[in-house]
Structures are given as structure tokens and as C-alpha cells.
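Understanding the architecture of this molecule
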Amino acid sequence: MTTYPERIVCLTEETTETLYLLGQGDRVVGVSGYTVRPPEARLKPRVSAFINARFDKIEALRPDLVLAFSDLQADLGAELVRRGIAVATFNQRSVDEILQMIRMLGGLVGCQQAAERLADRLQSDLDHISESAAQFPRRLRVFFEEWDHPLISGIRWVEELVEIAGGAPIFPELRDARLARDRIVDPAEVVRRDPEIVFASWCGKRVKISAIRNRLGWDRVTAVREHRVFEIKSTYILQPGPASLTEGLRQLHEIFKTETARAVGRG
């Protein structure tokens, strides 16, 4: 037996991306069907969706470690454990917990120092963008839409990234709700709180900007009137890993820089 796992199956994208960033992509032998980062990881065997997995296919890969995420994959992890496979399940829901996950994963695979360097670099990038956002003349009110029917507000790490990038979430009281059902909001309440920017990211399907703009009563929302409704692709923002802390955050910040200047100019 080797000292550290050599054949790893990742049931979600963020652990796959992290392992590649640590220079350990060769250890990944199976991935989620939703994997897009890095592109070369898509060549690996696809063994799962999000709440479903091909157990026979996973067993055939002879993994010495399977990496999973959250309570939503608890049943998958339990079945794999019953089949004699080692499983590590992460449950990161905040920016700090994402960085902690990276450090923990590095320890699991014997790359602690590399993981520390990666987490430190990501933290430095977060700090740099936060400093840039601090120069904005004001913060625009933001509604981040994680799903359309029912309407769901953003999960904690997304709301934190909105703040780091320069915005002010309109449902701050919901950020700590771990379950999506606890972040369901009334479309009329969104209208009442009047966001100046709407970001939408619907996991697994393309956002329809026109559908958002045409909701009953939303013609009174400043974001709709001022044409500030934007899609952030889910792979960049709804994966609690490096992608959200890099490309997802960068996209948010670039939009804020443009739209804050435009709003202040009109003000």
C-alpha cells in the first residue's frame, strides 16, 4: 500500500480542480459528469451526476479514495463505504471553509505545503479585489438568484463573494441558511427591496434573462429598468472551490466596476 491515495475519484468538480492545481491530476481516475475545469479532466471516466453515481463503474476503477461534497451526497458516500471504499466528504459553505477544504485535501494526498501555498495565493487575490472594491463610491444593492422556480437566494459563499467583489446583498439574513429550501424568497419581496443589479446562476441550465425581466412587477426593479441583469455561469460561481474564488469573483468584480461607475454617473 502506498503512503497516500493514488487512485482518487471525485464526485464533484471542485476537488478535481484543486487536485490539478496541486499538480496531482494524474491521481484522479474518475470524475463527475459536470466537470469542466480543467478541460483535460473531462477525459477521465465520468462516474456520477450530483446525487447519482455508477457504483459498479467506481468499483471498477479501484479507487483508494473517493471525494464527495455535502449532505446531498451522503447516501452515495454511505453506499461506497459499505462497499469497502474510503470516502472523505467535505461540506464547505463559506469562503473560509473553501480555503480550509483546500488545505485539508492537500493533507489527505501528501501535498500540504503546496496546498498551503495555493490557499495563501487565493486569499491574497481575495484581499486584492476587496481592496479594489473598497474604492467604489458606493455599493450597489444585489440580488443573486441561485434558482428560478422557486426563487432561491444565493448560498453563503456566493453572498460573501458578492460582498468581496463590491456589492451589497439584499437578503443578508439568509446567507447562513445551508439548505436551498431555507433560502426561497418571494419575488414580490425582491421587488420591494429593489436590487440595482441581479446576478443569476441556475445550476444545470442556461439563464433566461428575458424571463427574469418579464416577471410580474419586476419592471419596477432598478436592475431591470437599468438593464443590469447578468448571468454568471454556475461552473464559475456555484462550485465551492477555486473556480468561484478566481473566475467567479473576477466576473462579479468587473461587472461591479462598470455598473457602479454607470450608476454613480446617473446619480
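Okay, so let's go over this structure. Bear in mind that the values here come from a model prediction, so they are computed numbers and not experimental data.

A few points about the state of the cysteines
As enumerated under the stated definition, the model contains 0 disulfides in all. Its sulfur unpaired, Cys 111 is 13 Å from the next cysteine sulfur, which belongs to Cys 10. Cysteine Cys 203 remains unbridged, with the sulfur of Cys 10 as its closest cysteine sulfur at 17 Å.

A short note on unusual backbone geometry
In this structure, Pro 38 follows Arg 37 across a cis peptide bond, with omega equal to -10°. By the element assignment, Pro 38 lies in the loop between strand E2 (28-32) and strand E3 (46-48). Between His 149 and the following residue, Pro 150, the backbone shows a cis peptide bond with an omega angle of 0°. By secondary structure assignment, the location of Pro 150 is in the loop between strand E6 (140-147) and strand E7 (152-153). Positive phi values are uncommon outside glycine, yet His 227 reaches one of about 60°. Relative to the helices and strands, His 227 is located in the loop between helix H9 (222-225) and strand E10 (229-231).

Observations regarding the packing of aromatic side chains
By the definition in use, this model includes 4 aromatic pairs. Their ring planes at 70° and their centres at 5.8 Å tell us that Phe 143 and Phe 171 sit as a pair that is edge-to-face. Here Phe 171 lies in the loop between strand E8 (167-169) and helix H7 (187-193) and Phe 143 lies in strand E6, a separation of 28 residues in the sequence. Relative accessible area serves as the criterion here: at 3%, Phe 171 is assigned to the buried category.

Here's the deal with the pattern of salt bridges
According to the stated counting rule, one finds 24 salt bridges in the structure shown. We note a salt bridge from Arg 83 to Glu 59, for which the minimum N-O separation is 2.8 Å. Residue Arg 83 is found in the loop between helix H3 (74-82) and strand E5 (87-90), and its partner Glu 59 is found in helix H2 (residues 55-60); the two are separated by 24 residues along the sequence. A relative accessible area of 35% places Arg 83 in the partly exposed class. With a relative accessible area of 35%, Glu 59 lands in the partly exposed category. Glu 259 serves as the salt-bridge partner of Arg 228, at 3.2 Å between the closest nitrogen and oxygen. Placement of the pair is Arg 228 in the loop between H9 and E10 and Glu 259 in helix H11 (residues 242-266), with a sequence separation of 31 residues. In terms of burial, Arg 228 and Glu 259 fall into one category: buried. Taken together, the salt bridges that share partners define one network made up of Glu 59, Glu 79, Arg 82 and Arg 83.

A closer look at the nonpolar core
Ranked by size, the top nonpolar core spans 50 residues in total, and within it Leu 67, Leu 161, Phe 199, Leu 252 and Phe 256 carry the most contacts. Sorting elements by how many residues they give to this core places helix H5 (residues 112-133) first, with 7 residues. Contacts of Phe 199, omitting those with residues within four sequence positions, involve Val 142, Phe 143, Phe 144, Glu 145, Phe 230, Ile 232, Leu 252, Ile 255 and Phe 256.

Observations regarding helix H6 (residues 156-165)
Among the 10 residues that make up H6, 8 are buried, leaving the element largely enclosed by the rest of the structure. Turning to H6, its buried residues number three or more, namely Trp 157, Val 158, Glu 159, Glu 160, Leu 161, Val 162, Ile 164 and Ala 165. Of the residues flanking the end of H6, it is Gly 166, one or two places downstream, whose phi is positive at about 125°.

Cut-offs applied
- Residues numbered from 1 in each chain as written.
- Predicted model: local features only at pLDDT ≥ 70, side-chain atom pairs only at ≥ 80, totals over all residues.
- Heavy atoms only, no water.
- Disulfide = S-S within 2.5 Å.
- Helix = DSSP H or I, 4+ residues; strand = E, 2+ residues; numbered from the N terminus.
- Phe/Tyr/Trp six-rings, centres within 6.5 Å; stacked < 30°, edge-to-face > 60°.
- Buried < 20%, exposed > 50% of the residue type's maximum accessible area, 1.4 Å probe, protein only.
- Salt bridge = Lys/Arg side-chain N within 4 Å of Asp/Glu carboxyl O.
- Core = buried A, V, L, I, M, F, W, Y, C linked by side-chain atoms within 4.5 Å.
- Contact = heavy atoms within 4.5 Å.

From the geometry alone we can't say anything about function, so treat these as descriptive.
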